[in-house]
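Geometric and topological summary
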Amino acid sequence: MKNETVVDIKTLEQMYQINLANRFIGEPVQPVVLAGAPGSGKTQILKNVLPEWIANAYGCSPDDVEVLVLPLTGRDAAEVLGFGIPTEINDEFYTQFSKSPFVLALLRAKERGAKYIVILIDELMQADVNVVNVVSHMLDADTSTIGGEPLGENVIVCATGNRVVDRAASKPLPAQIIDRVILATMNNTTQDCWVPWAYANNINPIVITCAQAYEGRTVGESRGLFADKVPKGSENYCTKRSLTRVSKQLDSFFYLNGDDAPLNDGMKAIITGNIGMDAGNVLIDWIRDAVNATSIADIQADPEHAMIPESLEWQSISAGNAFRSAIDGETAGRAITYAMRLTAKDVRIDICSRIISKAGKNKWDFNSNAAQKFMVEYPELHALFVKHLEA
């Protein structure tokens, strides 16, 4: 769409680096409204990644940042603000508001001593006009209030929503909100944020590597596996959310039929019924050819001699299988032993760093000659491992 400010995760991070620095010069952090198609990862980024950016900006831990999500769809103004209660004080009448569950959650977060609080207003453009009017005061950095009460200097407000063009029952934002916020549209085709999240949340490596391999390549009318826009009809299309659901269904299929089982018609229908025919057929073909990759069982059985595929694509899947095979310190050691033998340097560095990070986050005690060699060669990743252990 014309006049849209389309951003990827890197640009959004740079925006927040500048925006969060406003506090250093005595200015408030301006609310950001992140728009985009359903399932494009907007809420995930602001909920899971923004706390890390805040922690980096203000020299604290992400654990010091509490996120309160305020979904607006199907709610009325009283559920957000509280009910108005006529009150007489000194022969004059005022309206006082009861405390809504959201306001109570905000007060409890402050009582717990959260250093910073993120208020994430979700589905802003789908909300009733009266609800939008209520939250508009939170989206004004100069006032930053709810029910006339200030939110506080340590509260950072952001919002997400679908555009009218996304056919998600959205409405245009009122001009008084647009005039006060930073309005940006998330690029649905980029994977910078989704891929690390997918590895950290056990998304099937076949799915991840397919999305990576097709980034920038033509899939139907899109550039990449993820759809550029919502289709005009009622057909399904590929988003980060729908592809994640496909991964879970694949896990169930392989659980029932074995890791090497060919997809049956039912599983193929589940894939295309979630992500559409174009992206679905690409993924089905990718899974069919994945027999060329090294399996989890082979990697763990003999990491020093398990097959290293010649193709970069199958090395990527094998790397993903190595990552997934790491479930404790011992298996992580074998996984990195295998991963260090990958001939594709970028794949090797990427997957070894992910395994080390995974081991550090889970505080696994793992040791292998290959792991030691890798951490000596890339000392910054050794520091990452130690950082996780000390967290």
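In case you missed it, the structure is sitting above this.
Before going into details, it helps to say that this report is about the structure given with it.

Procedures and definitions
- Residues numbered from 1 in each chain as written.
- Predicted model: local features only at pLDDT ≥ 70, side-chain atom pairs only at ≥ 80, totals over all residues.
- Heavy atoms only, no water.
- Helix = DSSP H or I, 4+ residues; strand = E, 2+ residues; numbered from the N terminus.
- Buried < 20%, exposed > 50% of the residue type's maximum accessible area, 1.4 Å probe, protein only.
- Contact = heavy atoms within 4.5 Å.
- Areas by Shrake-Rupley, 256 points an atom, 1.4 Å probe, with all protein chains shown as cover.
- Lys, Arg positive; Asp, Glu negative; His and termini not counted.
- Charge placed at Lys NZ, Arg CZ, Asp CG, Glu CD.
- Axes fitted to C-alpha atoms, helices over the stretch in contact; angles between N-to-C directions.
- Parallel < 35°, antiparallel > 145°, perpendicular 65-115°, else oblique.
- Left-handed = near helix turned anticlockwise from the far one by under 90°.
- Nonpolar A, V, L, I, M, F, W, Y, C, P; charged D, E, K, R; others polar.
- 1 Å grid on protein atoms, 1.4 Å probe; cavity = no way out; pocket = protein on both sides within 12 Å on 5 of 7 lines; lining within 4 Å.
- Points joined across faces, edges and corners; volume = space filled by probe spheres on them.
- Core = buried A, V, L, I, M, F, W, Y, C linked by side-chain atoms within 4.5 Å.
- Pairing = 2+ DSSP bridges.
- Polar contact = N/O pair within 3.5 Å; in protein donor to acceptor, adjacent residues only side chain to side chain.
- Salt bridge = Lys/Arg side-chain N within 4 Å of Asp/Glu carboxyl O.
- Patch = residues over 30% accessible without salt bridge, like charges linked within 9 Å, V, L, I, M, F, W, Y side chains within 5 Å.
- Expected span 1.5 Å × (residues − 1).

Broken down by element type, the chain carries 17 helices and 12 strands. Out of the 391 residues belonging to the chain, those deemed buried represent 50%. Long-range contacts, defined as pairs at least 24 residues apart, comprise 68% of the intrachain contacts of the chain with a sequence gap of at least 6. As presented, the chain carries roughly 19500 Å² of accessible surface, and 50% of it is formed by carbon and sulfur atoms. Each charge class in the chain was averaged separately, 36 positive and 48 negative side chains, and the resulting centres sit 2 Å apart.

The axes of two packed helices give the description: the angle between them and the distance between them. With their axes 10 Å apart at the nearest point, helix 1 (residues 9-20) and helix 2 (residues 42-58) run at an angle of 45 degrees to one another. The orientation of helix 1 with respect to helix 2, classified from their angle, is oblique. Crossing of helix 1 against helix 2: the hand is right-handed. Only Ile45, Leu46, Leu50, Trp53, Ile54, Ala57 and Tyr58 of helix 2 make contact with helix 1, whose side of the interface consists of Ile9, Leu12, Glu13, Tyr16 and Leu20. Here the contact of helix 1 with helix 2 is built from residues that sort into 11 nonpolar, no polar and one charged.

The next subject is the layout of surface pockets. By volume, the second largest pocket is sized at about 690 Å³. Along the walls of the second largest pocket sit 35 residues, with Ser222, Ala227, Asp228, Lys229 and Val230 positioned nearest its centre. The set of elements that each furnish at least two residues to the lining of the second largest pocket consists of strand 10 (182-186) and helix 11 (277-289). Top element by residues in the lining of the second largest pocket is helix 11. It accounts for three residues. Residue composition of the lining of the second largest pocket, by class: 15 nonpolar, 11 polar and nine charged.

Judged by nonpolar contacts, the single largest core of 61 residues is most densely connected at Trp194, Leu243, Leu250, Leu263 and Ile271. Excluding residues that lie within four positions of it along the chain, Leu263 makes contacts with Leu250, Phe253, Phe254, Lys268, Ile271, Ile284 and Ile287. Counting 33 residues, the second largest nonpolar core, distinct from the first, contains Leu70, Leu72, Ala109 and Met125.

Let's shift gears to the environment of Ala306. Along the chain, Ala306 turns up in the loop between helix 12 (296-301) and helix 13 (312-325). Exposure remark for Ala306: the relative accessible area of 7% places this residue in the buried category. Distance from Ala306 to Ser295, taken between C-alpha atoms, is 9.0 Å for residues 11 residues apart in sequence. Not counting the four nearest positions on each side in its chain, Ala306 is found in contact with Thr294, Asp298, Ile299, Tyr338 and Arg341.

Bringing the pairing of strand 2 (residues 32-35) into the picture now. Because side chains alternate across strand 2, one face comprises the buried residues Val32 and Leu34, and the other comprises Val33 and Ala35, equally buried. Where strand 2 meets strand 9 (residues 155-161), four bridges bridge the pair, whose relative direction is parallel. Bridged to Val32 within strand 9 is Cys158. Of the pairings in the sheet, the one linking strand 2 to strand 10 comprises four bridges and is parallel in character. Paired with Ala35 across the bridge in strand 10 is Thr185.

Here we take up the side chain of Ser242. Structurally, Ser242 is set in helix 9 (residues 240-257). Given the relative accessible area of 8%, Ser242 is considered buried. Here Tyr237 takes part through its backbone oxygen, which lies 3.4 Å from a polar atom of the side chain of Ser242. When residues no more than four places from it in sequence are discounted, the contact partners of Ser242 are Tyr237, Asn274 and Ile275.

Within the structure shown, the criterion is met by 10 salt bridges. We note a salt bridge from Glu66 to Arg112, for which the minimum N-O separation is 2.3 Å. Of the two residues, Glu66 sits in strand 3 (residues 65-71) while Arg112 sits in the loop between helix 4 (101-111) and strand 6 (116-122), which places them 46 residues apart along the sequence. Judged by its relative accessible area of 54%, Arg112 falls in the exposed class. Notably, a salt bridge pairs Glu313 with Arg217, separated by 3.8 Å at the nearest N-O pair. Of the two residues, Glu313 is situated in helix 13 and Arg217 in the loop between helix 8 (205-213) and strand 11 (218-219); the sequence distance between them amounts to 96 residues. Glu313 gets classed as partly exposed once you look at its relative accessible area, which sits at 31%. On the accessibility criterion, Arg217 (35% relative accessible area) is partly exposed.

A cluster of acidic side chains, namely Asp259, Asp260, Asp298, Asp302 and Glu304, defines a negative patch on the protein surface. Within the secondary structure, Asp302 sits in the loop between helix 12 and helix 13.

Further remarks concern helix 2. With 17 residues, helix 2 extends 23 Å from end C-alpha to end C-alpha; this agrees with the ideal 24 Å at 1.5 Å per step. Listed in full, the buried residues belonging to helix 2 are Lys42, Gln44, Ile45, Leu46, Val49, Leu50, Pro51, Trp53, Ile54, Ala55 and Tyr58. One or two positions beyond helix 2, positive phi appears at Gly59, with a value near 65 degrees.

Everything listed here is a matter of coordinates, which is why it stays silent on function.
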